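# Per-entry structural report
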Amino acid sequence: MQKRWEIMGNFMQNPLAMKKNLLISAFLVVLIQQGVAQEISLIPQPVKVEKGNGQFLLTKETVITATNDEDRRAARLFNEYLKATFGFSLDIDRQEGKDYIRLVTRQFIQAPSKDAYSLKIGKDGVVIEGDTYAGTFYGLQTLMQLLPVGKTTAFKSLPLPYITIEDYPRFNYRGLHLDVSRHFFPVAFIKKYIDYISYHKMNYFHWHLTDDQGWRIEIKKYPELTNTGAWRHGTIIGRYPGTGNDNIRYGGFYTQDEVREVVRYAAERHITVIPEIEMPGHASAAIASYPFLSCFPAKETVIPANPSEASKRVDGKKVQETWGVFEDVFCAGNDSTFLFLENVLSEVLELFPSRYIHAGGDECPKSNWKKCPKCQARIRAEGLKDEHELQSYFIQRMEKYLNAKGRVLIGWDEILEGGLAPNAVVMSWRGESGGIEAAKQKHYVIMTPQKPMYFDHTQTRNEDSVTIGGYNPLEAVYAYEPIPKELDEAAARFVLGAQANLWAEYLKNPSKVEYMLFPRLSALSEALWSPKEKRSWTDFEKRLQTQFRRYEQWGANYSKAYYEVKVNILPAPKNIGLQVVAEPRDRKGELQYTISSQLTKYSKPIILQKSTDLEIRYFRNGNLVNAIPLKFSFNKATGKKISVTNKPNEKYPGQGGAFSLVNGVWSDKGLSHPDWLGFIGDDIVATIDLGKLQHVKSVKLHTIDQNGSWVYLPKYVEVQVSADGKKFRTVGRSSDFVKDTLTMGWMKVAFTSTHARWVRVVVKNYGLIPEGQPGAGNKAWVFADEIQVE
């Protein structure tokens, strides 16, 4: 600071020097302006872009002309952005001169160019023409991206490149979801979230308003929904099942006036808000408010893990304080349940003009229905086969109510069970199979598979904060194709688009929401808007650098996982040990690594042949950008050839496939670690070639026990050995489990020392989950991320 004042003092003493330097500064500003303007970095990538030679300077004298109220509203929103970012706004509706932004909506819709727009910038100004009001609005969003990036309030003019753009969206449904039940977010942030949707030319906001942990919308006919259902006595601490309870009363809800304000705010930005009222499962908050909705109203709510002290003192129904799936669901045999839900939806429909209303329909345990006399009577009276058809009856009955009101029901893909409601739209989240099945049945589909559309999953291989598990990196989101290859052209027409979901179990504040959202939302926007043939990851990476600066301009927190060093653990030559391959995102920095505190420059794969602690460090401009610590534990199986008989689930394929089981590392952070192999209903059968005949006496398997997520310990682990790889004999079996963390640990099989070259490990799946357990009636998950042989 002192140095700058010394320079200014010299200028004051030498006016000619000051004048000369001011001229140079002005010239540099022009150069900076020109440089910024020439940098055309648009996300999502438009259909067609033609660059010209020259610039139009937008100044305070520029006029926005619009001929109707809707375009004038869009102009005002553009002005708000100008004012917030550059410190000035423009006149609207003054007579057009030679310095203008002209908005014209043709209201001409012709497939596939619904919501299309053209944008032309020339010497006299900017012309945006939209086929629809939404199209004109999207043109303004593109114009915003052509402005300089950053807080440049000192600029008196904003350079815009001469350019011609023709553009329209590929998919009609481009959605983003937010769960406000697990954690509540104020209206101010909901509006900010809608702005983020708008900036990316998305057009649907899926608002998850009710769940087991909180009811978040005022229903005047049922005040206890917010008096009681909006509040829980406490929340688990840390990753499920938690290390305790914070014992802090937590909650909140949106008044009907606040809901109207959010819906209006979204509509101005051509975003439709879809409310979700969960049924028939995820109903704990509603049942805590009105116990008659339960199959067993007098039965006390069980808080399955670490209940709060207040919950221990209170009898009866309660709002859940932990995460997972719970047995207490809406009673399908009681007509008062349907009357309640119809009354709730009646008020919801007055607040939300959306054609689509989301009814949930997912993760509904059937155990209470099996024991409930009223539900069993309903099954008999309606001629239903089982409880799955009872769920179908439930959803179809609610769909008839919504259809009579001119609305369309959306449900998660479980609504396929027992028969799909006639007019329902399916959101396919458990992979793509539900969406494929529904599309083939000529039902409209929105693709939202957990992998890669769940943004609550980590986007880094090295989890830096607690997440629910799973790994969905930026590249996977960008590469996602919403139309499955299994669909022919006719069936593909039923895919409306796709949506990303952000569940809030571990998102306690807006900053964490933004951190999980960005930059993946930018990748999704391009996957849903831009023509398939125009998408290029290499080109997107270049434009992403400018997008990072836009996040900073918006004041948004965002993940730096893009710059993370990619580390692959591979077998060493001839399967003797491991080789660690490190690859930075770019070549502008330097990689180093430490083994036993010795620092070495990385120039080739690191060969490891014994247990060690390794840290890989990435430096740019002398600054440490990334540090990845890895702890390797060697045993006779490490680095050896391995194969698995059954294919793991696509959501948990292991970082290196089957080799993840013998790469010397395992998770200490739950399912967020990418090494896990996960199987639904299937056994794990892994065969390891030790390379030579040798003594073996024990096998250990690292696994996880997390019943609330339907993850169960294996029934047992069996070890078989062979000298020739053909004939195997069983040498031991065990069900013993020793924890090393809250939910994870080792199952060890010890046996009399024997000679073997091949070791086969059979991990017996828990099977069908019985009544009374989380996920009853479903196939259990089983996980493994490391096998040790001694």
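Going by the structure above, here's the rest.
Thresholds applied
Residues numbered from 1 in each chain as written. Predicted model: local features only at pLDDT ≥ 70, side-chain atom pairs only at ≥ 80, totals over all residues. Heavy atoms only, no water. Helix = DSSP H or I, 4+ residues; strand = E, 2+ residues; numbered from the N terminus. Rg over C-alpha atoms; globule rule 2.2 N^0.38 Å. Buried < 20%, exposed > 50% of the residue type's maximum accessible area, 1.4 Å probe, protein only. Contact = heavy atoms within 4.5 Å. Lys, Arg positive; Asp, Glu negative; His and termini not counted. Charge placed at Lys NZ, Arg CZ, Asp CG, Glu CD. Pairing = 2+ DSSP bridges. Axes fitted to C-alpha atoms, helices over the stretch in contact; angles between N-to-C directions. Phe/Tyr/Trp six-rings, centres within 6.5 Å; stacked < 30°, edge-to-face > 60°. Lys NZ or Arg CZ within 6 Å of the ring centre and 35° of its normal. Polar contact = N/O pair within 3.5 Å; in protein donor to acceptor, adjacent residues only side chain to side chain. Expected span 1.5 Å × (residues − 1). Salt bridge = Lys/Arg side-chain N within 4 Å of Asp/Glu carboxyl O.

Scanning the chain from N- to C-terminus turns up 20 helices and 36 strands. Against the globule reference of 28 Å for 790 residues, the chain gives a C-alpha radius of gyration of 30 Å, in line with a compact fold. Each principal axis of the C-alpha distribution contributes one length, and for the chain these read about 95 × 70 × 55 Å. Within the span of the chain, comprising 790 residues, buried residues form 59% of the whole. In the chain, the share of contacts with a sequence separation of at least 24, taken over all contacts with a separation of at least 6, comes to 72%. The average position of the 101 basic charges and that of the 89 acidic charges among the side chains of the chain differ by 5 Å.

Here the focus is the sheet that holds strand S9 (residues 204-208). As summarised here, the arrangement of the eight strands in space is S8-S9-S14-S15-S16-S17-S18-S19, forming a closed barrel in which the pairing is parallel. Adjacent strand axes in the sheet meet at a mean angle of 30°, parallel and antiparallel pairs treated alike. Relative to strand S19 (residues 495-500), strand S8 (residues 173-179) runs parallel, the two sharing four bridges. Bridging from a neighbouring strand, Gly175 pairs with Gln499 of S19. Relative to strand S17 (residues 425-428), helix H14 (residues 433-440) is tilted by about 155°, and along the sheet it contacts S17 and strand S18 (445-447).

It is worth spelling out the pairing of strand S15 (residues 356-360) at this point. Along S15, five of the five residues are buried, which leaves the element largely enclosed by surrounding structure. Side chains of S15 alternate between two faces, with Tyr356, His358 and Gly360 and Ile357 and Ala359 buried alike. As paired elements, strand S14 (residues 272-279) and S15 share two bridges and run parallel to each other. In the sheet register, Met279 faces S15, and the bridge partner there is Gly360. Bridging between S15 and strand S16 (residues 408-412) involves three bridges; their strand directions are parallel. Counted as the bridge partner of Ile357 is Leu409 from S16.

Evaluation of the coordinates by the stated rule reveals 46 aromatic pairs. Ring geometry for Phe548 versus Tyr558: centroids 5.2 Å apart, planes at 10°, classification stacked. A residue pair is termed long-range when its members are at least 10 positions apart, and Phe548 in helix H20 (residues 537-554) and Tyr558 in the loop between H20 and strand S20 (566-571) qualify at ten residues. By relative accessible area, Phe548 is classed as buried at 4%. In this structure Tyr558 comes out as buried when scored by relative accessible area, which is 7%. A cation over a ring is seen here: Arg397 above Phe338, with NZ or CZ 4.0 Å from the ring centre. Of note, Lys700 hangs over the ring of Trp746, and the distance from its end group to the ring centre comes to 4.7 Å.

Turning our attention to the side chain of Glu321. Structurally, the position occupied by Glu321 is in the loop between helix H9 (309-313) and helix H10 (335-351). Polar side-chain contacts of Glu321 include one of 2.8 Å to the backbone nitrogen of Ser308. Excluding its chain neighbours within four sequence positions, the residues that come into contact with Glu321 are Arg232, His233, Gly234, Thr235, Ile236, Asn245, Ile303, Asn306, Pro307, Ser308 and Ser311.

Turning our eyes to something else, we now look at helix H5 (residues 187-199). With 13 residues, H5 extends 18 Å from end C-alpha to end C-alpha; this agrees with the ideal 18 Å at 1.5 Å per step. Among the residues of H5, Val187, Phe189, Ile190, Tyr193, Ile194, Asp195, Tyr196, Ile197, Ser198 and Tyr199 are the ones counted as buried.

Let us look at the pattern of salt bridges. A complete count under the given rule lists 40 salt bridges for this structure. For Arg260, the salt bridge identified is with Asp257, shortest N-O distance 2.9 Å. A residue pair is termed a helical-turn pair when its members lie 3 or 4 positions apart in one helix, as Arg260 and Asp257 do in helix H7 (residues 256-268) at three residues. In this structure, a network of salt bridges that share partners links the residues Glu80, Lys191, Asp195, Glu261, Arg264, Glu268 and Arg269.

So, about H10. If you check H10, its first and last C-alpha atoms are 25 Å apart, about what 17 residues at 1.5 Å a residue would give, namely 24 Å. Every buried residue of H10 is listed here: Thr337, Phe338, Phe340, Leu341, Val344, Leu345, Glu347, Val348, Leu349 and Leu351.

Before going further, it helps to spend a moment on the sheet that holds S20. Strand order in the open sheet formed by three strands is S20-S21-S24, and the pairing between neighbours is antiparallel. The sheet terminates laterally at S20 and strand S24 (606-608), the two strands that pair on one side only. Taking the axes of each pair of neighbouring strands and ignoring which way they run, one obtains an average angle of 25° across the sheet.

Read these as layout, nothing more, since geometry by itself doesn't imply function.
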